[in-house]
Amino acid sequence: MPGCPEAGGFRAPKSRSTLNQYWWFCLEHVRAYNSAWDYYKGMSAGEIEAHTRSDTGWQRPTWPLGRLGVQAFDEAMLRDPLHILSAGRMRRGTAAPKTTVPPDLRDPMQALGLDWPVSMDVLKARYKELAKRHHPDANGGDRASEERLKTINLAYAAVRQHLTAEPRMAATG
Ligand SMILES: [Zn+2]
């Protein structure tokens, strides 16, 4: 700092665009410099927003999964409680063989307490039983029951959709 007699033992970047170049200050002056430092100085609100978003991806390009046409992960290794992957497979019409419970139905089947394979009749009967047992009205409006019922509803919808899409499966086993 001009006029300062102290030794400059503390560095601070010269500017946003030259973060690897430094001014050297004494302790007192580097503190003053740092407290007045504004990385976003001179940027518009839009530029700051864009910069912040870019930072969340380490300022590297990003794109949605699968956009590059590459299978980036092993579906069997993924937990997919919302059945996003199975929905994608159904659209493409390439469902996997069904000798074992499909990975995306493991959690739903467990939530329903059923074993794979299952027929639509057994599924419906089990769902009715669980829905009745966990209905909030039957449990004094209990929150936990309500959550459990939501899980059961989702699980039922997932398995039912699966059986509807592939009717042959109901006869297996
Ligand atoms: Zn100084």
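Everything here concerns the structure above.
Cut-offs used in this document
- Residues numbered from 1 in each chain as written.
- Predicted model: local features only at pLDDT ≥ 70, side-chain atom pairs only at ≥ 80, totals over all residues.
- Axes fitted to C-alpha atoms, helices over the stretch in contact; angles between N-to-C directions.
- Helix = DSSP H or I, 4+ residues; strand = E, 2+ residues; numbered from the N terminus.
- Parallel < 35°, antiparallel > 145°, perpendicular 65-115°, else oblique.
- Contact = placed C-beta atoms within 7 Å.
- Nonpolar A, V, L, I, M, F, W, Y, C, P; charged D, E, K, R; others polar.
- Expected span 1.5 Å × (residues − 1).
- Buried ≥ 20, exposed ≤ 12 C-beta atoms within 10 Å, placed from the backbone.
- Core = buried A, V, L, I, M, F, W, Y, C linked by C-beta atoms within 7 Å.
- Pairing = 2+ DSSP bridges.

Before going further, it helps to spend a moment on the packing of helix H5 (residues 120-134) against helix H6 (residues 143-165). As a packed pair, H5 and H6 sit with axes 10 Å apart at the nearest point and diverge in direction by 170 degrees. Between H5 and H6, the crossing angle belongs to the class labelled roughly antiparallel. Contacts between H5 and H6 pair Met120, Leu123, Tyr127, Leu130, Ala131 and His134 from the former with Ser145, Arg148, Leu149, Ile152, Tyr156, Val159, Arg160 and Leu163 from the latter. Along the lines of polarity and charge, the residues of the contact of H5 with H6 split into ten nonpolar, two polar and two charged.

Along its twelve residues, helix H2 (residues 45-56) runs 17 Å from first to last C-alpha, staying within 8% of the 16 Å computed at 1.5 Å per residue. Burial of H2 is sparse: only zero of the twelve residues sit out of reach of the surface.

In terms of nonpolar packing, the biggest core is built from eleven residues, these being Leu105, Met109, Leu112, Val118, Leu123, Leu130, Ile152, Ala155, Tyr156, Ala158 and Val159. For this core, the elements supplying multiple residues, two or more each, are helix H4 (106-112), H5 and H6. Top element by residues in this core is H6. It accounts for five residues. Residues within four places of Leu130 in sequence aside, it is in contact with Leu112 and Ile152.

Bridge analysis of strand E1 (residues 10-15) against strand E2 (residues 18-25) gives five bridges, and the strand direction is antiparallel. Bridged to Ala12 within E2 is Trp23. Between the antiparallel neighbours E1 and E2 lie two residues.

Fair warning: the whole summary comes from geometry, so function is off the table for now.
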